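Below are the chains, spelled out letter by letter.
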Amino acid sequence: MNLNKNKPSNLDSWKKLNSNFKTLSSKTLTEHFAENPDRVDKLSINWESFYVDYSKNRLDKSTIDLLVSLAEEAGLKEGIEAYFSGGEINETEGRAVLHTALRTQDSSPVLVEGENILPGIDQAKKEMYDFADKVISGAWKGHTGKSIQNVVNIGIGGSDLGPAMVTEALEFYQNHLNVYFVSNVEGDHVNEIINKIDPETTLFVIVSKTFTTQETLSNAQTLRKWFLNHAPQAAVEKHFVAVSTNQKKVTEFGISPENIFSMNDWVGGRFSLWSTVGISICLAVGPTHFENLLKGAGAMDQHFRKASFDQNIPVLLAMITVWYNNFWNAESEVIVPYSQYLRNLPAYLQQGIMESNGKGVDRNGDPVDYQTGTIIWGASGTNAQHAFFQLMHQGTKLIPADFIGFAKPLYPKNDHQDKLMSNFFAQTQALMLGKNEATVRTELESQGKSNTEIEALLPFKIFEGNRPSTTLLIEELTPYNLGALIAMYEHKIFVQGVIWNIFSYDQWGVELGKQLANNILNDFESGKLDHHDASTKKLIERYQNPKK
Ligand code: G6Q
């Protein structure tokens, strides 16, 4: 079973959406609300402790019906089955995409090349949980008999962003271990970590699916060298573990097979936090919370797989993006979590969304003649209000926004929560309603401004409004709800890829820069620079001789 290769713009519902766009493009959100008193009920979903309100978007029920038809016509139903049941939907790498199997709550076999992968998943999870229990309880000792206090996750991209984001997001649930993440190949990054740790009480977790990644191996080598300046060779086994598919390379690095946690090819890097790649999360919060993270994701998987498209959160959110991207020509989407714990969710989703759907060639190998992956950005509210919200309110670009908020704070409720949430609600309202000339005029009059002053200030104080947003109001930031939220975005990515007829699970676009960096690294040694373009050559010369 695999994904079909239909060009979306040839589909009937795509054409109908073009006419729908023409009909609706001049209608404002306020007009939509005035015309349909039950709009909120029609355009919102309750699922477990999630309430998703997509009524503040430039669409109506007819648009949703057409978007649902587009999803059907594009073969989404069959696509979802191919995705969950191990079809080789990562066709250019010849792989299945089965992060969903890592969190399934169902014991029905999931087959890869005829073999049920669930027992292997359980086994790997058990090994990770046993190990985490030992480290957290202090039963696992460092080479001088002291228990572990610090964990350093060494990885990059998918082997860093997800674990780092989730560990930070679950800080409230964290135990005594200090968990650090080193990713960048920049020596200053690793040295800053070295300043914070003690070789007797630090565990290094090297996370690399391929175990060939330059940044990760450089950091791992530097940290091992530093460690061995303070400890004998035999101590390595108490302080270094690895997560990888490449047992051979890990063993060559000097890590013993008992200290290797396995992972599989059918988990893509940016979707791997649910696997042993999430070991630093598991160490930080313990197996019970980690398991709840998986359960929440598993529940969202079931919702996505089973709910009808018009009641399906990931499907609807994905289709709304398609609507803005392909019919309204919006270029970017902003994600604003009203939770400081989730401050890195936008950065994490940048990889998930842009690495997956930033593709210009369709599944037939032809260049696409429509827009694909959107640009993702964002930061936590309310901080973001004091940073980029000016552009969202009065700038010239159409920027659909996701607002994510939690009804309950994690610490006992205090007046901060109402202040936070009043901002959360006020911003989507302000984006939608704006402030018209009459209101601005009355306000300025009541401030005692003269007519001349009012006329001069008026244009700057008007907010045209009609700016779209979707609100996700979730009960509480628990590991379970976080798992569900991340899984929701993962499935949104999948749906968009299906519609745009692109392969979401490869990332060839990151290869070229890596290749050229290796060439340039060699050229630093050889000094042969003449084969470079004039700009690059000059830059390298300037780097090598700053005063020249
Ligand atoms: C994600 C990508 C990429 C990958 C890193 C690290 O989907 O594949 O971000 O995770 O390049 O790769 P390794 O885990 O193999 O070191």
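Before reading on, note that the structure itself is shown above.
All values reported here derive from a predicted model rather than from experimental measurement.

(A) A look at empty space enclosed by the protein. Applying the stated rule across the entire model yields one cavity of 30 Å³ or more. Taken as a whole, the largest cavity encloses approximately 120 Å³ of empty space. Around the largest cavity sit 16 residues that line it, and Thr321, Glu333, Pro400, Asp402 and Lys492 are the ones nearest its centre. Mapped onto the lining of the largest cavity, the elements with two or more residues apiece are helix 14 (313-326), strand 10 (332-337), strand 12 (401-408) and helix 20 (479-500). Looking at the lining of the largest cavity, the element that brings in the most residues is helix 14, giving four residues. Looking at side-chain class alone, the lining of the largest cavity contains ten nonpolar, three polar and three charged residues.

(B) A look at the nonpolar core. One finds Leu203, Leu283, Leu485, Phe494 and Ile499 to be the most contacted residues of the largest nonpolar core, which totals 123 residues. Examining the composition of this core, we find that 13 residues originate from one element, helix 20, more than from any other. Sequence-distant contacts of Phe494, that is, excluding residues within four places in its chain, are made with Leu3, Leu76, Gly79, Ile80, Tyr83, Ile89, Phe304 and Tyr505. In this structure, Leu223, Ala231, Ile255 and Ile260 belong to the second largest nonpolar core, which totals 25 residues.

(C) Seen up close, the packing of aromatic side chains. Under the defined criterion, the tally for this structure stands at 33 aromatic pairs. Seen in terms of ring centroids, Trp47 and Phe50 are 5.3 Å apart; in terms of plane orientation they differ by 70 degrees. Their pairing is edge-to-face. Considered together, Trp47 and Phe50 belong to a single accessibility category, that of buried residues. The rings of Trp14, Phe21, Trp323, Tyr324, Phe327, Trp328 and Tyr370 are connected pair by pair, giving a single aromatic cluster. The positively charged end of Arg103 is found above the aromatic ring belonging to Trp274, 4.5 Å away from the centroid. Its end group placed over the ring of Phe253, Arg224 keeps NZ or CZ at 4.1 Å from the ring centre.

(D) Here's a closer look at the packing of helix 1 (residues 12-24) against helix 14. At a minimum axis distance of 11 Å, the contact between helix 1 and helix 14 shows a crossing angle of 65 degrees. Relative to helix 14, helix 1 is oriented roughly perpendicular. Judged by the twist between their axes, the crossing of helix 1 over helix 14 is right-handed. For the pair helix 1 and helix 14, the contacting residues are Trp14, Leu17, Asn20 and Phe21 in the first and Val322, Trp323 and Asn326 in the second. For the contact of helix 1 with helix 14, the per-class residue count stands at five nonpolar, two polar and no charged.

(E) Here's a closer look at the site of the ligand. Neighbouring the ligand are 13 residues, the closest being Ser159, Ser208, Thr210, Thr213 and Gln351. Within the side chain of Ser208, one N or O atom sits 2.6 Å away from an oxygen atom of the ligand. Separating an oxygen atom of the ligand from a side-chain N or O atom of Thr210 is a distance of 2.6 Å. Compared with its free state, where it exposes 400 Å², the ligand has 86% of that area covered by protein. Among the detected pockets, the ligand sits in the largest pocket. Residues that form the shell around the ligand fall into these classes: one nonpolar, nine polar and three charged.

(F) Up close: the sheet that holds strand 1 (residues 44-47). The sheet built from six strands is open, its strands ordered 1-2-13-12-10-11 with mixed pairing. Across the chains shown, the open sheet's two edge strands, defined by having one partner strand only, are strand 1 and strand 11 (375-377). Ignoring strand direction, the axes of neighbouring strands in this sheet form an average angle of 15 degrees. Bridging between strand 12 and strand 13 (residues 469-476) involves seven bridges; their strand directions are parallel. For Gly405, the partnering residue across the bridge sits in strand 13 and is Leu473. Sheet strands in contact with helix 15 (residues 345-357) are strand 10, strand 11 and strand 12, and its direction is about 165 degrees off that of strand 11. The strands touched by helix 20 are strand 1, strand 2 (50-53), strand 10, strand 12 and strand 13; relative to strand 13, the strand with the most contacts, the crossing angle is about 155 degrees.

(G) Geometry of the environment of Phe50. Relative to the assigned elements, Phe50 resides in strand 2. The class for Phe50 is buried, based on a relative accessible area of 1%. Expressed as a C-alpha distance, the spacing of Phe50 and Lys248, which sit 198 residues apart in the sequence, is 44 Å.

Thresholds, definitions, all that
Residues numbered from 1 in each chain as written. Predicted model: local features only at pLDDT ≥ 70, side-chain atom pairs only at ≥ 80, totals over all residues. Heavy atoms only, no water. 1 Å grid on protein atoms, 1.4 Å probe; cavity = no way out; pocket = protein on both sides within 12 Å on 5 of 7 lines; lining within 4 Å. Points joined across faces, edges and corners; volume = space filled by probe spheres on them. Helix = DSSP H or I, 4+ residues; strand = E, 2+ residues; numbered from the N terminus. Nonpolar A, V, L, I, M, F, W, Y, C, P; charged D, E, K, R; others polar. Core = buried A, V, L, I, M, F, W, Y, C linked by side-chain atoms within 4.5 Å. Buried < 20%, exposed > 50% of the residue type's maximum accessible area, 1.4 Å probe, protein only. Contact = heavy atoms within 4.5 Å. Phe/Tyr/Trp six-rings, centres within 6.5 Å; stacked < 30°, edge-to-face > 60°. Lys NZ or Arg CZ within 6 Å of the ring centre and 35° of its normal. Axes fitted to C-alpha atoms, helices over the stretch in contact; angles between N-to-C directions. Parallel < 35°, antiparallel > 145°, perpendicular 65-115°, else oblique. Left-handed = near helix turned anticlockwise from the far one by under 90°. Near = heavy atom within 4 Å. Polar contact = N/O pair within 3.5 Å; in protein donor to acceptor, adjacent residues only side chain to side chain. Areas by Shrake-Rupley, 256 points an atom, 1.4 Å probe, with all protein chains shown as cover. Sits in = over half its atoms within 2 Å of the grid points. Pairing = 2+ DSSP bridges.

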